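So you can see what is in the structure, the chains are spelled out below.
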Amino acid sequence: LRDGEEVILTPEHYDGGTIDQPTLLIKNSTRHDQGVYTCVLENKVGSQESNNVVNVAVYFKPIVQLTMEPPTPVSELDRLNITLMCRVESGNPDILQAVRWYLDGELLKELPDCGGNNTDYMFCDIDPSKLLLEDVGRSFHGNYSCEGMNEAGWGPLSPDEELIVYYPPALKTEVDLKLQHIVGCVEHTIYLKSLQTSTQISSVGLGTESNFTCLAYNEGGEGDPATVYIEVYVPPTFIERLPLYHGALGNASNIFISCRIECSPLCAVQWLKNGRLLN
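Residues numbered from 1 in each chain as written. Predicted model: local features only at pLDDT ≥ 70, side-chain atom pairs only at ≥ 80, totals over all residues. Heavy atoms only, no water.

The name given to the protein in an unreviewed UniProt entry is Ig-like domain-containing protein, with the source organism recorded as Diploptera punctata.

Here it is in structure tokens:
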């Protein structure tokens, strides 16, 4: 009997266990053969079970599962510590002697680590089934897995568990066609683009010249603002021209003549008298 249940003696897996051959041979033993064994003797008078038992232990490689505490997703702004745990789902013995930790399929760390460097001794006498990630930020984002070793050897790799880290958006504001200098005063349209959002500015003039800022946020928090400066170029344009005729008193000591011009950047003005440049 195994664990109190009668063993069905199939010839493919067992030899003996009969009157002619009382010794029981288990062939090609597996994890399913471990348990507490007893035997029962029976004759015409009655039956009796053996007073002692035999504990049969079959060592097999561990099947492990990775879990995280606290569960993800987490925010980068919280700067949390996350503990990864490599739990034994099945295996004998169920105590892990060593664990290999992986990030996106690449070996991250094998514990315990008793290397030659003095800095490695801190990882020598620890529980290899736990890995602490400190001050978790966006660089920790990825798929983690582990594989464990017991006295039977290294078991298979666990399924991936994704560590999701939310973080605020980083913006880069840019002007369509990468132009920050707009020539002219009207009939122009500017598109300010950032990620998948845009702002349209119509009827561009000198009043448009300014800093434009956008600010984005997501579940990870609020990002830093991004700013772009729109510089508008305008050719010289007369707002107020010289009058066709201008009169002054003959005894006037000064004569004042003016015109108004709009331009960007600042333009130079030249005055002429009878077609000749005034000094």
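Picking up where we left off.
Participant: How do you make sense of the pattern of salt bridges when you look at a structure like this?
Facilitator: Proximity of charged atoms lets side chains of opposite charge pair with each other. According to the stated counting rule, one finds six salt bridges in the structure shown. Notably, a salt bridge pairs Arg100 with Glu147, separated by 3.2 Å at the nearest N-O pair. Of the two residues, Arg100 is situated in strand 10 (residues 98-103) and Glu147 in strand 13 (residues 142-150); the sequence distance between them amounts to 47 residues. Its salt-bridge partner being Lys109, residue Asp113 comes within 3.0 Å of it at the nearest N-O pair. (Salt bridge = Lys/Arg side-chain N within 4 Å of Asp/Glu carboxyl O. Helix = DSSP H or I, 4+ residues; strand = E, 2+ residues; numbered from the N terminus.)

Participant: Would you mind going over the state of the cysteines with me for this structure?
Facilitator: What makes a disulfide is a covalent bond joining the sulfur atoms belonging to two cysteines. Under the criterion given, the structure shown has two disulfides. Residue Cys86 pairs covalently with Cys146 via a disulfide, S to S 2.1 Å. The sign of the S-S torsion, about 90 degrees, decides the handedness of the disulfide formed by Cys86 and Cys146: right-handed. Within this pair, whereas Cys86 is found in strand 9 (residues 82-92), its partner Cys146 is found in strand 13, the two being separated by 60 residues in sequence. Residue Cys86 is classed as buried on the basis of its relative accessible area of 4%. Under the relative-accessibility criterion, Cys146 is labelled buried at 0%. (Disulfide = S-S within 2.5 Å. Buried < 20%, exposed > 50% of the residue type's maximum accessible area, 1.4 Å probe, protein only.)

Participant: Just checking my understanding: could you explain the sheet that holds strand 12 (residues 130-133) for this structure?
Facilitator: Sheets are built from strands that pair by backbone hydrogen bonding, the pairs being arranged parallel or antiparallel. If you walk across this open sheet you meet the three strands as 7-9-12, and the pairing is antiparallel. Each of the sheet's edge strands pairs with one partner strand only, and the pair in question is strand 7 (60-69) and strand 12. Taking the axes of each pair of neighbouring strands and ignoring which way they run, one obtains an average angle of 20 degrees across the sheet. In terms of strand pairing, strand 9 meets strand 12 through four bridges, oriented antiparallel. (Pairing = 2+ DSSP bridges. Axes fitted to C-alpha atoms, helices over the stretch in contact; angles between N-to-C directions.)

Participant: Explanation requested: unusual backbone geometry in the structure shown.
Facilitator: Note the cis peptide between Asn92 and Pro93, where omega equals -5 degrees. Inspection of the secondary structure puts Pro93 in the loop between strand 9 and strand 10. Note the cis peptide between Leu111 and Pro112, where omega equals 0 degrees. Mapped onto the elements, Pro112 comes out in the loop between strand 11 (106-111) and strand 12. The phi torsion at Arg79 lies on the positive side, around 50 degrees, for a residue other than glycine. Mapping Arg79 onto the fold places it in the loop between strand 8 (74-75) and strand 9. Given a relative accessible area of 40%, Arg79 falls into the partly exposed group.

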